[in-house]
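# Close look at the chain arrangement
What follows is the residue order along each chain.
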Amino acid sequence: MIRTVKDRPHVTILIANLPAERDRRVIRECLSLEANGFDVTVIAPRGDKNLRILPGSRGTRLKPYPLIVYGSGVVSFAVEFGWSFLCITIRLLGELFSGRAHAVQVCNPPDVYFPLALIWRALGRPWVFDHHDLCPEIYAARAGGSANKLVFRALVMLEWLTLRTATAVIATNESFRKNAVRRGVPPEKVTVVRNGPATNEISRDGSPVPDRQDDDVHKVVYLGVFGRQDNVDVAVLAAEELAKRRSRRDWRMVLAGDGETMVSLTKLAAERGLNDLVEFTGWLDGPAVDSLLRTATIAIQPDLPTRMNHLSTMAKTVEYLGRGIPVVAVDLIETRRTADAAARYVPNGSPAEFAEAIDGLLDDAAQREQMHDVALSRFTTMLAWEHQARQYVSLWRRLLARRLGQPVAAGPDAPRSPRSTTADQPAASPLDAPRASVVIAAHNEAGVIGRCLDTLMADARDGEFDITVVANGCTDSTAQIAGSRPGVRVVELSVAGKPAALNAGDEVAVGFPRIYLDADVVVTTEGLRLLADAVRPPLGAAASRALAAVPRRGLDLTRRPLLIRAYFAIHRHLPTFRDGLFGRGVIALSAEGRKRFKTIPDLVADDLFLDSLFERSEKREVSGVTSLIATPHRIGDLVRRLTRVRSGNAAMRATASSESAPTRVRAARRLSWLRDVVLPRPWLAPAAVCYVAISLAAASRARRVGRGGQTWERDESSRGVPAVTSPGRGREPAGSIPASRFQLRDE
């Protein structure tokens, strides 16, 4: 009998399309949770009737249910979904009444469990959606071009409901993350956890991966599920084409896996006279998979260029790369992101294309060796499960820490002690040096600093970034919230002032590039990496291509008044936001760029100061990154924000005119709104009336507060993260990731 430890958090994982012992991603997730002090139960279709514990685990409980039908048409899909929903609901409620299921992770397909999500969230328990597949696209692929439009739209709606009702979303790659954000999920709620084997699943005995088998036969291997959407028949037909190109004696194709098309595939191979060339192994366990792949010469990924496949990361591809196997695949977006130069790409995925590519690689040992090295490098530095497990376990620690009252601290990936004093230094990191050093000036930012840090660190490796928060003149819990995040250095200043805070952060920051970030701005971990790379010198170069970089600017205009939206309809098109470092809330500088100044002057206009240090050719906007800027909710708040900007800019220009500034300052472009925005876009003329009126009001207010610009006319309406309540729970602590939603509006 399996017993759960009473004081341990318990996670229940729901699967509907595969027995638990065959879902390698879920197996790795369960083992990672176990290693970090969680108890786990998996509810999934029945596979091996004798299993009660997940193979390889210490005690992950299996609660299987029988699968009576496998959907392929509208009716059978509906029956399959309904049956799985009924079975999972009964078993999940049993877990709840037994005192388990403190949190739930649901894996798709299908996307029908959002009613259960509403129940669990009403109970104050986290519900996490692990987004394995794009269900609408899977339906379209399985329908073979005859997809019912109404059914497709219904599946899109189900996916939207599943995403929006989840406490957090786990995406398997960047395309899935973008899909979730496009469906309305706030970026900070999405964590990218890729598919891929753990390093210990791969034999490492010091010997190279064999290039040939003992009997001098090359193996071309496919590993995975045999489903309608997996197009394994293309591999069989490619074997037929390859047999026309070369001798049948020096190669064979091995198809490892099982699924609904197994019978038709074996029949196809027999009909084409390929039984001597195509071998079907059936489903293999972990050691058998490793043994097979270590003897493979080439691996094949026959997924055709559908929308689903373009946006999906194939688990089999990472399995291939982990053994250094060159891959032949269709040129798909996420496949190229995963394999890069470790794969040879074909345009359409026809059997003839695959045969030609495989034939060429079989005759080019030097190219295979080069692809082998690239594959192993990508796996060990980015794709191995160890890199993904950190993000996965970190998410669960955050979600269940409040229930326990303290972070879970078991296993090798346990978080370091929080730090909340200026004397603390970052803990030792397995990385040689931080990828970048981030400085955040924070004055009374308790409402947003937690969101800022959690989004930055969501997918970061341990020690990847050096992060300093300077709490200047704070009278709230900003310092305590920042200090509760592992690996964050906190400096406390008694006097408020952003320039002094940035300079104080600079004094203790470690390494370059240096990134200055506003506490109320949302930037993801991947965005931070791209900004750092944009100003990092290329390998072997003395200087970087760009000295300063900023992201694109995204404006959150959700539920803003018409006049504010009209103002930003003009504001967003101003050329200063194309060729300047303004208005993003984040600026990255290379080491060379940081040498342009000693300290930031004691003026409000830090953006204008930094922008003036660089020529246009030295600045870069990184199109792959977007910083979310929360716009004011009220006209008065917008005027106050503009007052601060105008006062600071006026003070900076006054200093420059007296020749006491350390750099020249770009001149103001007062009529740019007319010359560069309205005249080329006359339909914006009504919005321009609002823009001019608000600008004049801010200018008048700025003159009244004086040319010194030292007042801090801050907009408070856009900085609060509203607390939420739910039955059985109190208010969320300040700085926690909010349950409320906002929409990202990219320019």
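Before going into details, it helps to say that this report is about the structure given with it. Worth saying up front: this structure is predicted, and the values here are computed from it rather than measured. (Residues numbered from 1 in each chain as written. Predicted model: local features only at pLDDT ≥ 70, side-chain atom pairs only at ≥ 80, totals over all residues. Heavy atoms only, no water.)

## So, the pattern of salt bridges
Put simply, the rule reads: Here, a salt bridge means any side-chain nitrogen of Lys or Arg that lies within 4 Å of a carboxyl oxygen of Asp or Glu. For helices the rule is a DSSP run of H or I covering at least 4 residues; for strands it is a run of E covering at least 2, with both sets numbered from the N terminus onward. The buried label goes to any residue with under 20% of its type's maximum accessible area, the exposed label to any with over 50%, and the partly exposed label to all in between, with areas taken from a 1.4 Å probe on protein chains only.
One pass over the structure, following the stated rule, counts 37 salt bridges. Here Arg594 makes a salt bridge to Asp506, at a shortest N to O gap of 2.9 Å. Here Arg594, found in helix α22 (residues 591–594), pairs with Asp506, found in helix α18 (residues 498–508); they are 88 residues apart in sequence, far enough to count as distant. Side by side, Arg594 and Asp506 carry an identical accessibility label, which is buried. Note that Glu621 is salt-bridged to Arg584, the shortest N-O span being 2.4 Å. Linking Glu621 in strand β20 (residues 619–630) with Arg584 in the loop between α21 (576–579) and β19 (586–589), this pair joins segments that are 37 residues apart in sequence. If you follow the salt bridges from partner to partner, you end up with Arg435, Glu464, Glu526, Arg529, Asp533 and Arg536 in one network.

## Regarding the packing of aromatic side chains
The condition that has to hold: Any Phe, Tyr or Trp ring, taking Trp's six-membered ring, that has another such ring centre within 6.5 Å forms a pair; planes under 30 degrees apart are called stacked, those over 60 apart edge-to-face, and the others tilted. Should the NZ of a Lys or the CZ of an Arg lie within 6 Å of a ring centre and within 35 degrees of the ring normal, that charge is described as sitting over the ring.
Under the definition given, this model contains nine aromatic pairs. For the pair Phe85 and Tyr113, a centre-to-centre distance of 5.9 Å together with 10° between the ring planes defines the contact as stacked. Residue Phe85 is found in helix α2 (residues 74–97), and its partner Tyr113 is found in the loop between β4 (103–107) and α3 (114–122); the two are separated by 28 residues along the sequence. Ring centres 6.4 Å apart and planes at 50° place the aromatic pair Trp385 and Tyr392 in the tilted group. Judged on exposure class, the residue Trp385 and its partner Tyr392 are both buried. Clustering of aromatic rings is evident, with ring pairs tying together Tyr567, Phe568, Trp673 and Tyr691. The side chain of Arg594 reaches across the aromatic face of Phe597, ending 4.0 Å from its centre.

## What to know about the environment of Gly636
When you line up the elements, Gly636 lands in helix α24 (residues 635–657). Classification of Gly636 by relative accessible area gives partly exposed; the value is 32%.

## Some details on empty space enclosed by the protein
Applicable threshold: Points on a 1 Å grid, built from protein atoms alone, make a cavity when a 1.4 Å probe fits but cannot get out and make a pocket when they are open with protein on both sides within 12 Å along at least 5 of 7 lines; residues with an atom within 4 Å of a point are the lining residues. Grid points are joined across faces, edges and corners, and a volume is the space filled by probe spheres set on the points. Note on residue categories: nonpolar means Ala, Val, Leu, Ile, Met, Phe, Trp, Tyr, Cys or Pro, charged means Asp, Glu, Lys or Arg, and polar means any other residue, Gly included.
This structure, assessed with the given rule, holds three cavities of 30 Å³ or more. One number sums up the size of the largest cavity: a volume of about 80 Å³. As for the largest cavity, its lining consists of Val439, Lys498, Leu502, Tyr516, Leu517, Asp518, Gly585, Val586, Ile587, Asp606, Asp607 and Leu610. When its residues are assigned to classes, the lining of the largest cavity shows seven nonpolar, one polar and four charged.

## Remarks on the pairing of strand β6 (residues 168–171)
This is how it is decided: DSSP-based pairing: two strands are paired if at least 2 bridges between them are found. Here the term right-handed applies to a crossover when the path leading from its first strand over the helix to its second strand runs clockwise, the strands being oriented away from the viewer.
Burial along β6 is two-sided: Ala168 and Ile170 and Val169 and Ala171, pointing in opposite directions, are all buried. Pairing of strand β5 (residues 127–131) with β6 involves four bridges; the strand directions are parallel. In the strand pairing of β6, Val128 is matched with Ala168. Note: β6 against strand β7 (residues 190–192), three bridges, orientation parallel. Residue pairing for β7: Val169 is matched across the bridge by Val190. You can see the chain leave β6, run along helix α6 (residues 174–182) and come back into β7, and the turn it takes is right-handed.

## A look at the sheet that holds β19
Just so we agree on the cut-off: Fitting a line to C-alpha atoms yields each axis, with helices limited to the stretch in contact; the angle taken between N-to-C directions then spans 0 to 180 degrees.
Pairing within the open sheet is mixed, and its seven strands lie in the order β16-β15-β14-β17-β19-β18-β20. Strands with a single pairing partner mark the edges of an open sheet, and in this sheet they are β16 (488–493) and β20. Across the sheet, the mean angle from the axis of one strand to that of its neighbour is 20°, orientation sign disregarded. Pairing between strand β18 (residues 548–556) and β20: nine bridges, direction parallel. From the neighbouring strand, Leu555 faces β20, where its bridge partner is Ile629.

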